[in-house]
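Notes for the structure review
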Amino acid sequence: MITDEAFRQAVKAAIAEHKKDRNIAFTWEGQTYWIKRRLSNGRNQFAKSSVNVQFYTEIARSSIAHTLTGLSPEIVYLDADCMVTRAAGENINHWMRRRDVSEEEKLEILIRTGQALGELHQAGMTHGRPTLRDFLYEDGRVTLLDWENMPRWDNKKKRMTMDYLLLLLSLFREPYSEIDYIKALEKGYTGANGGETRKWARAFLKKHALIGHLAKALDVFHMKDVEAFSRLYRYLAD
């Protein structure tokens, strides 16, 4: 933890300058940091306790993930209203959309992304809602953000299956989701945690085949999320 009073004042100044923002970037002594404040993310506003639950859940789960795997950024400053971490690069979508990044580099980035989720599962943890925007990449290192979601199921197998499907789904939502990229993401995961989760994911989709067939039937309407799920279903279950 950073205990320097000058750092604390820099955090307070950044918050004062961006009073309505939940996530704030600022620079101190040449290093970029991110502040995450105890504010609503705009979802689940019907639940009065959701802001506090999300904030303290993220602190706990992020700290555990950092200790077990190093995949979560270290919390360097903490008080009752915010947590601060060092910047850890840009999210995966940023790198995949850059024209100056080679195909080989993009494939390697996706392999490392899948590997990161596999390593998390191998360590006994799940994320809860992994999407490509939650994975940061810099100098070969992947960092995973947004730990505010409580696990929805006690069954670890089901939690891992849903993590796997949600990460794949987030890639299928993107216009750059070529088959080589899908396979790179899976290659990274299976290299770190084996192929059982893929089998579970396939079985889960087959069990809910009616939803898959409905999504395929709705393809003609070109709804982004429905099309993404249809593509995921065709890829894993058909």
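Residues numbered from 1 in each chain as written. Predicted model: local features only at pLDDT ≥ 70, side-chain atom pairs only at ≥ 80, totals over all residues. Heavy atoms only, no water.

A few words now on the pattern of salt bridges. This structure, assessed with the given rule, holds 14 salt bridges. Arg8 is paired through a salt bridge with Glu5; the nearest N and O atoms lie 2.7 Å apart. Of the two residues, Arg8 and Glu5 are both situated in helix H1 (residues 5–17); the distance of three residues between them amounts to about one turn of the helix. Asp81 is paired through a salt bridge with Arg38; the nearest N and O atoms lie 2.5 Å apart. Taken together, the residues span a long stretch of sequence, with Asp81 in the loop between strand E3 (75–78) and strand E4 (82–86) and Arg38 in the loop between strand E2 (31–37) and helix H2 (50–69) at a distance of 43 residues. Judged by relative accessible area, Asp81 falls into the partly exposed class, the value being 44%. (Salt bridge = Lys/Arg side-chain N within 4 Å of Asp/Glu carboxyl O. Helix = DSSP H or I, 4+ residues; strand = E, 2+ residues; numbered from the N terminus. Buried < 20%, exposed > 50% of the residue type's maximum accessible area, 1.4 Å probe, protein only.)

Next up on the list: the side chain of Arg61. With respect to the helices, strands and loops of the structure, Arg61 is situated in helix H2. Salt bridges are absent for the buried Arg61, whose nearest opposite-charge side chain, Asp163, sits at 6.8 Å. Reaching out from Arg61, the side chain makes a polar contact with the backbone oxygen of Thr126 at a distance of 2.4 Å. A polar contact is formed between the side chain of Arg61 and the backbone oxygen of Asn149, at a distance of 3.0 Å. (Lys, Arg positive; Asp, Glu negative; His and termini not counted. Polar contact = N/O pair within 3.5 Å; in protein donor to acceptor, adjacent residues only side chain to side chain.)

With 15 residues, helix H6 (residues 179–193) should reach 21 Å at 1.5 Å per residue; the first-to-last C-alpha distance of 21 Å fits that figure. Looking at H6, one finds that the buried residues are Tyr181, Ile182, Ala184, Leu185, Glu186, Gly188, Tyr189 and Asn193. The elements touched by buried residues of H6 are helix H3 (92–97), helix H4 (103–122), helix H5 (156–172), helix H7 (196–207) and helix H9 (224–236). The first or second residue beyond H6 is Gly194, which carries a positive phi of 80°. (Expected span 1.5 Å × (residues − 1). Contact = heavy atoms within 4.5 Å.)

Here the focus is the pairing of E2. For a regular strand, side chains alternate in direction, first toward one face of the sheet and then toward the other. Relative to E2, strand E1 (residues 23–28) runs antiparallel, the two being bridged by six bridges. If you follow Ile24 over to E2, its bridge partner there is Ile35. Sheet analysis places E2 next to E4, joined by five bridges and oriented antiparallel. Its bridge partner being in E4, Trp34 is matched across the sheet by Thr85. (Pairing = 2+ DSSP bridges.)

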